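# Report on the structure
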Amino acid sequence: MNLFHLYIPSFLLIAFLSVISCNSEQNQTRTAEYVLPDDGIAVEGAWARPGRENGVTAVYLNVLNGSAETDTLIALSSPIAGLTELHETFDRGDGMMGMREAEEPYFPGRGITSMEPGGLHIMLMQLKNALLEGDEVIVNLTFANAGEISVTAPVRSP
Ligand SMILES: [Cu+2]
């Protein structure tokens, strides 16, 4: 992971978050488009950032857990990546933001968990080829209860 630890200065993240809050009305509208499944898990709105061969990139998506119970992500893989992990962003306490493997890969029941830039994301490492806008990336998510879900994420610039 030392390959990528792009640490993002906090002030940039704060600037980014304020942009998000300005758009919160729009985000709520967008989230409202998603209807929870009656049971099990659905994944919506997946997209991936471009990346270089042997490099890393991130995939963002929304996990819609329609069941009454919290589900746990137990495995992640992508045919394009040597290593795939669920990451969370955290405040390192020195004015920089870092990221690390998520400690609690839990998805609450009857809820939507959004992976977005600056927060939770799926990290694809050791990319087998470059990812350009217009390409597609397959990510396989395995949940303890809902089983395996395969998602196709279009590649686009943030
Ligand atoms: Cu990451």
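For the structure itself, look to the data block above.
First, a word on what this report is: a plain description of the structure on this page. (Residues numbered from 1 in each chain as written. Predicted model: local features only at pLDDT ≥ 70, side-chain atom pairs only at ≥ 80, totals over all residues. Heavy atoms only, no water.)

Six octahedral donors at a metal ideally form angles of 90 or 180 degrees, and four tetrahedral donors ideally form angles of 109.5 degrees. Looking at the copper ion, the protein donor atoms are H87 (ND1), M99 (SD), H121 (NE2) and M123 (SD), and they sit 2.1 to 2.3 Å from it. Around the copper ion sit four donor atoms, and with donor-metal-donor angles ranging over 92 to 121 degrees the site reads as tetrahedral. Between the donor residues of the copper ion, the gaps in sequence give the motif H-x11-M-x21-H-x1-M. A residue pair is termed long-range when its members are at least 10 positions apart, and H87 in strand 5 (residues 81-91) and M99 in strand 6 (residues 96-101) qualify at 12 residues. Across this residue pair, the class does not change: H87 and M99 are buried. (Donors = N, O, S within 2.8 Å, 3.2 Å for Na, K, Ca; no water. Tetrahedral: all angles 85-135°; square planar, octahedral: opposite > 155°, others 65-115°. Helix = DSSP H or I, 4+ residues; strand = E, 2+ residues; numbered from the N terminus. Buried < 20%, exposed > 50% of the residue type's maximum accessible area, 1.4 Å probe, protein only.)

All right, on to the pattern of salt bridges then. Counted according to the given criterion, the structure contains two salt bridges. R100 serves as the salt-bridge partner of E88, at 3.0 Å between the closest nitrogen and oxygen. You can see E88 sitting in strand 5 and its partner R100 sitting in strand 6, a full 12 residues away along the chain. Between D94 and R92 there is a salt bridge; the shortest N-O distance is 3.1 Å. Judged by its relative accessible area of 48%, D94 is partly exposed. (Salt bridge = Lys/Arg side-chain N within 4 Å of Asp/Glu carboxyl O.)

Everything listed here is a matter of coordinates, which is why it stays silent on function.
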